[in-house]
Amino acid sequence: MKANERAKLWLSESFDAATREEVQKLIDAESPEIEDRFYKNMEFGTGGMRGIVGVGTNRLNRYTLGAATQGLANYLKAQVHEPEIKVAIAHDVRHNSREFMQIVAEILSANGIHVYIFDGFRPTPLLSFAVRELNCHAGIVLTASHNPPEYNGYKVYWNDGAQIVPPHDVAIIEEVNNIEIADIQFDGNESLIHLLDHEVEDAYINACVKYGARKSMPGYVQLKIVFTPLHGTAVAVMPEALRRAGFENVYMVEDQAVPDPNFSTVRSPNPEEPDALKMAIELAEQVQADIVIGTDPDADRLGIAVRDRDGKFVLLNGNQTNTVLTRYLLEEWENEGRIDGNQFIGSTIVTSDIFLDLAERYGVECKLGLTGFKWIGKMIREAEGNQKFICGGEESFGFMVDDFVRDKDSITSTLLACHIAAKTKSQGTSLYNYLIESYIETQLYAEDLISIVKPGMSGAAEIKEMMENWRQTPPESFGGSKVVKLFDYKEQSCRDLTTSHSSTLDLPKSDVLIFYTEDGTKVAARPSGTEPKIKFYFSVKKPFTNEQDFEKEYALLRQKIDKLKEEVS
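Owing to the predicted nature of the structure, the values given are computational and were not obtained by experimental measurement.

(A) Structural detail: the overall build of the protein chain. For the protein chain, the helix and strand inventory stands at 18 helices and 23 strands. Taking 2.2 N^0.38 as the reference for a compact globule, 569 residues should give roughly 25 Å; the C-alpha atoms of the protein chain span a radius of gyration of 24 Å, in line with that estimate. With respect to the principal axes defined by its C-alpha atoms, the protein chain has extents near 70 × 55 × 50 Å. When contacts within the protein chain are restricted to residue pairs at least 6 apart in sequence, long-range pairs at least 24 apart make up 69% of them. About 22500 Å² of surface is accessible on the protein chain, with carbon and sulfur atoms providing 47% of the total. Here the protein chain contributes 60 positively and 87 negatively charged side chains, and the mean placements of these two sets differ by 3 Å.

Structure (structure tokens):
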């Protein structure tokens with residue numbers, strides 16, 4: 001069915017008057033927007049359902065949310081054989097988030113499901129924690145993470161506190177696709193909607209302090225921290241978590257501590273972007289801080305800036321932050337004699353291979369999953385009773401300590417980073433030097449990525465063609481080094497391009513290509529699961545033994561990455 005025909009279906013009495021009026025205006029004006037709004041149904045990706053708010057099948061609104069929630073309710077009622085089904089819901093600071101949460105709560109309660117909601121915005125990792133703390137069967141968070149202000153989203157969690165994975169995700173999508181608008185039960189049962197007190201939040205903060213701050217030490221008082229929530233949800237819990245941990249010199253970027261759905265002080269509320277931490281670094285210079293922390297709007301990811309050996313602030317990339325946190329935890333476990341071969345860390349296929357090196361160095365397994373923390377959550381669930389999870393991370397600035405939360409958790413990760421910064425400072429060194437030492441233990445790595453935006457239906461087709469061309473005719477080299485291996489996760493195969501030998505990959509299908517060259521260069525291509533763009537990930541490495549050569553050797557690797565970017569863009 002063409003987009004215009006799909007749009008006309010939204011003129012029926014099943015839709016409210018305001019929706020019908022807006023659709024009619026689009027049709028009467030022969031608006032080009034109709035194509036993008038109605039050419040497809042919004043789907044679950046690696047981060048759930050995420051898109052622009054507005055009228056249309058490819059927009060987030062009362063009806064697309066309603067279909068998703070009714071489908072979830074039907075699935076829960078078929079799967080759960082208990083007297084009461086319980087679902088926890090949280091939301092971020094975005095436009096419509098509270099309204100969307102109310103719609104979702106009413107639909108679930110209309111289906112006889114008990115719903116537990118917070119009295120305001122809360123971080124995504126708190127929702128993950130709440131699912132298990134309240135013995136819920138599922139959880140939902142309304143958020144679009146760091147996307148632009150016009151976006152919102154809907155992420156579903158299962159009873160283990162992790163985002164849904166197969167078979168649940170596919171089964172829920174099937175239920176959703178079978179929903180007609182008339183099937184959606186919008187009339188809620190208020191008696192089944194429960195407002196949470198602060199007990200769950202207090203328990204979460206205490207757990208963050210336990211697993212993140214480790215053991216409080218005198219250095220906590222001396223460490224100067226600048227924190228910015230980038231107008232997002234971390235402001236609800238981070239200050240209290242830092243206080244309970246014992247950090248006293250905490251400076252907040254006040255202009256960015258105000259919840260703001262327009263994220264008005266930044267171009268993008270994304271801690272991956274150096275510009276997002278500009279105001280925080282300026283404040284850090286004023287107060288002579290040691291470390292800068294910025295969290296994204298739903299507070300599951302964090303960006304860290306620390307002083308280099310010249311005293312200048314540098315923003316660590318996600319791989320570097322996770323390297324420091326992972327190495328510290330592994331070192332601590334080793335020093336305490338707790339590693340016996342039954343432990344593992346989690347990572348993803350597009351994340352740096354340095355985590356494979358760290359795992360080998362400390363005698364633990366490094367499990368690799370597809371992009372997205374839901375796959376790390378799946379690892380934890382499958383390993384329960386056999387292997388102990390220590391930590392996990394991915395290159396996109398997400399990290400998780402232990403398994404009391406089953407998703408990215410910037411609150412606990414911030415406490416751990418500050419703990420390491422305080423400890424190294426008290427020893428006369430720094431977190432930055434600790435990172436350099438980590439490279440001496442493994443190899444020197446440099447990583448980066450670029451995103452190429454291709455909006456709309458034509459963009460989606462262009463991205464698909466780009467991936468198929470690379471799949472069928474792999475590049476012969478990258479950076480002057482011959483391509484020797486191709487990992488094709490859509491075909492679930494690993495091809496040795498020098499021998500033509502092929503083996504099977506034991507991971508679910510995903511449209512990802514990863515190339516390795518003779519010198520260890522790694523290039524990955526992946527269409528985004530939540531945005532109209534394709535991402536290219538780059539990782540290069542070399543042996544490294546002398547920390548005095550760090551800046552020079554790292555600059556050479558960065559030059560190599562710059563050339564790789566030119567090759568693919």
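What follows picks up the thread again.
(B) A look at the sheet that holds strand 12 (residues 343-348). Pairing in this open sheet of four strands is mixed, and the strands run 13-12-14-15 from one edge to the other. Single-partner strands in this sheet number two, and they are strand 13 (365-369) and strand 15 (398-401). The average angle at which neighbouring strand axes cross in this sheet is 20°, direction not considered. Bridging between strand 12 and strand 14 (residues 388-394) involves four bridges; their strand directions are parallel. Across the sheet, F344 pairs through a bridge with F389, a residue of strand 14. Its contacts with the sheet place helix 13 (residues 354-362) against strand 12 and strand 13, and it is angled at close to 155° to strand 13.

(C) Quick peek at the packing of helix 6 (residues 124-133) against helix 8 (residues 199-212). Following both chains from N to C, one finds helix 6 and helix 8 inclined at 110°, their axes separated by 10 Å at the closest point. By the criterion of interaxial angle, the relationship of helix 6 to helix 8 is roughly perpendicular. The handedness of the crossing between helix 6 and helix 8 comes out as right-handed. Across the interface between the two elements, P125, L126, F129, A130 and E133 of helix 6 pack against V200, E201, A203, Y204 and A207 of helix 8. Of the residues that constitute the contact of helix 6 with helix 8, the class distribution is eight nonpolar, no polar and two charged.

(D) Structural view of unusual backbone geometry. The omega torsion of the bond from P166 to P167 falls at 5°, within 30 degrees of zero and hence cis. Topologically, P167 is positioned in the loop between strand 5 (151-158) and helix 7 (168-177). Although it is not a glycine, E30 adopts a positive phi angle of roughly 50°.

(E) A look at the pairing of strand 2 (residues 86-91). In terms of burial, strand 2 is a largely internal element, six of the six residues being buried. Burial along strand 2 is two-sided: K86, A88 and A90 facing one way and V87, I89 and H91 facing the other are all buried. Relative to strand 3 (residues 114-117), strand 2 runs parallel, the two being bridged by four bridges. Directly across from V87, in strand 3, lies its bridge partner V115. Note: strand 2 against strand 4 (residues 138-142), five bridges, orientation parallel. The residue bridging A88 from the neighbouring strand is G139, located in strand 4.

(F) Summary view of helix 6. With eight of its 10 residues buried, helix 6 lies for the most part within the structure. When helix 6 is considered as a whole, its buried residues turn out to be T124, P125, L126, L127, S128, F129, A130 and V131. In this fold, the buried residues of helix 6 make contact with strand 2, strand 4, strand 5 and helix 8. Backbone geometry just downstream of helix 6 places N135 in the positive-phi region, at approximately 55°.

(G) Local environment of the sheet that holds strand 1 (residues 49-52). Ordered by their spatial adjacency, six strands build an open sheet running 1-5-4-2-3-6, and the pairing between neighbours is mixed. At either end of the open sheet lies a strand with only one pairing partner, and these are strand 1 and strand 6 (193-195). Between one strand and the next, the sheet's axes are offset by a mean angle of 20°, whatever the strand orientation. Bridge count for strand 1 against strand 5 is four bridges, and the pairing is antiparallel. In the strand pairing of strand 5, M49 is matched with Y154. Each of strand 1, strand 2, strand 4 and strand 5 is contacted by helix 4 (residues 62-79), which is oriented at about 5° to strand 5, the strand it contacts most.

(H) Expanded view of the packing of aromatic side chains. The full count for this structure, using the stated rule, is 22 aromatic pairs. Taking 5.9 Å as the distance between ring centres and 85° as the angle between the ring planes, the aromatic pair formed by Y432 and F550 counts as edge-to-face. Residue Y432 is located in helix 16 (residues 431-441), and its partner F550 is located in helix 18 (residues 550-568); the two are separated by 118 residues in the primary sequence. As far as the burial class goes, Y432 and F550 line up, both buried. With a centroid separation of 5.7 Å and an interplanar angle of 70°, the aromatic rings of F487 and Y516 are classed as edge-to-face. A residue pair is termed long-range when its members are at least 10 positions apart, and F487 in strand 18 (residues 481-488) and Y516 in strand 21 (residues 513-517) qualify at 29 residues.

(I) Looking closely at helix 12 (residues 318-335). In this model, helix 12 (18 residues) spans 26 Å end to end at C-alpha, consistent with the 26 Å of a helix rising 1.5 Å per residue. Where burial is concerned, most of helix 12 is hidden: 15 out of the 18 residues are buried. One side-chain oxygen at the N-terminal end of helix 12 lies 3.0 Å from the backbone nitrogen of N319; it belongs to N317.

(J) Just the side chain of N147, in detail. Mapped onto the elements, N147 comes out in the loop between strand 4 and strand 5. Among the polar contacts listed, one links the side chain of N147 to the side chain of R50, at a separation of 2.9 Å.

(K) Region of interest: the pattern of salt bridges. Evaluation of the coordinates by the stated rule reveals 44 salt bridges. One salt bridge in this structure joins K408 and D300, with 3.6 Å as the shortest N-O distance. Taken together, the positions of K408 in the loop between strand 15 and helix 15 (410-426) and D300 in the loop between strand 9 (291-295) and strand 10 (302-307) put the pair 108 residues apart, joining distant regions of the chain. According to the relative accessible area criterion, D300 is buried, its value standing at 2%. In this structure, E336 engages R338 in a salt bridge whose closest nitrogen and oxygen atoms are separated by 3.0 Å. The network of salt bridges with shared partners includes R327, E331, E334, R361, E437 and E441.

What counts, and where the lines are drawn
- Residues numbered from 1 in each chain as written.
- Predicted model: local features only at pLDDT ≥ 70, side-chain atom pairs only at ≥ 80, totals over all residues.
- Heavy atoms only, no water.
- Helix = DSSP H or I, 4+ residues; strand = E, 2+ residues; numbered from the N terminus.
- Rg over C-alpha atoms; globule rule 2.2 N^0.38 Å.
- Contact = heavy atoms within 4.5 Å.
- Areas by Shrake-Rupley, 256 points an atom, 1.4 Å probe, with all protein chains shown as cover.
- Lys, Arg positive; Asp, Glu negative; His and termini not counted.
- Charge placed at Lys NZ, Arg CZ, Asp CG, Glu CD.
- Pairing = 2+ DSSP bridges.
- Axes fitted to C-alpha atoms, helices over the stretch in contact; angles between N-to-C directions.
- Parallel < 35°, antiparallel > 145°, perpendicular 65-115°, else oblique.
- Left-handed = near helix turned anticlockwise from the far one by under 90°.
- Nonpolar A, V, L, I, M, F, W, Y, C, P; charged D, E, K, R; others polar.
- Buried < 20%, exposed > 50% of the residue type's maximum accessible area, 1.4 Å probe, protein only.
- Phe/Tyr/Trp six-rings, centres within 6.5 Å; stacked < 30°, edge-to-face > 60°.
- Expected span 1.5 Å × (residues − 1).
- Polar contact = N/O pair within 3.5 Å; in protein donor to acceptor, adjacent residues only side chain to side chain.
- Salt bridge = Lys/Arg side-chain N within 4 Å of Asp/Glu carboxyl O.

The values are spatial; any link to function lies outside them.
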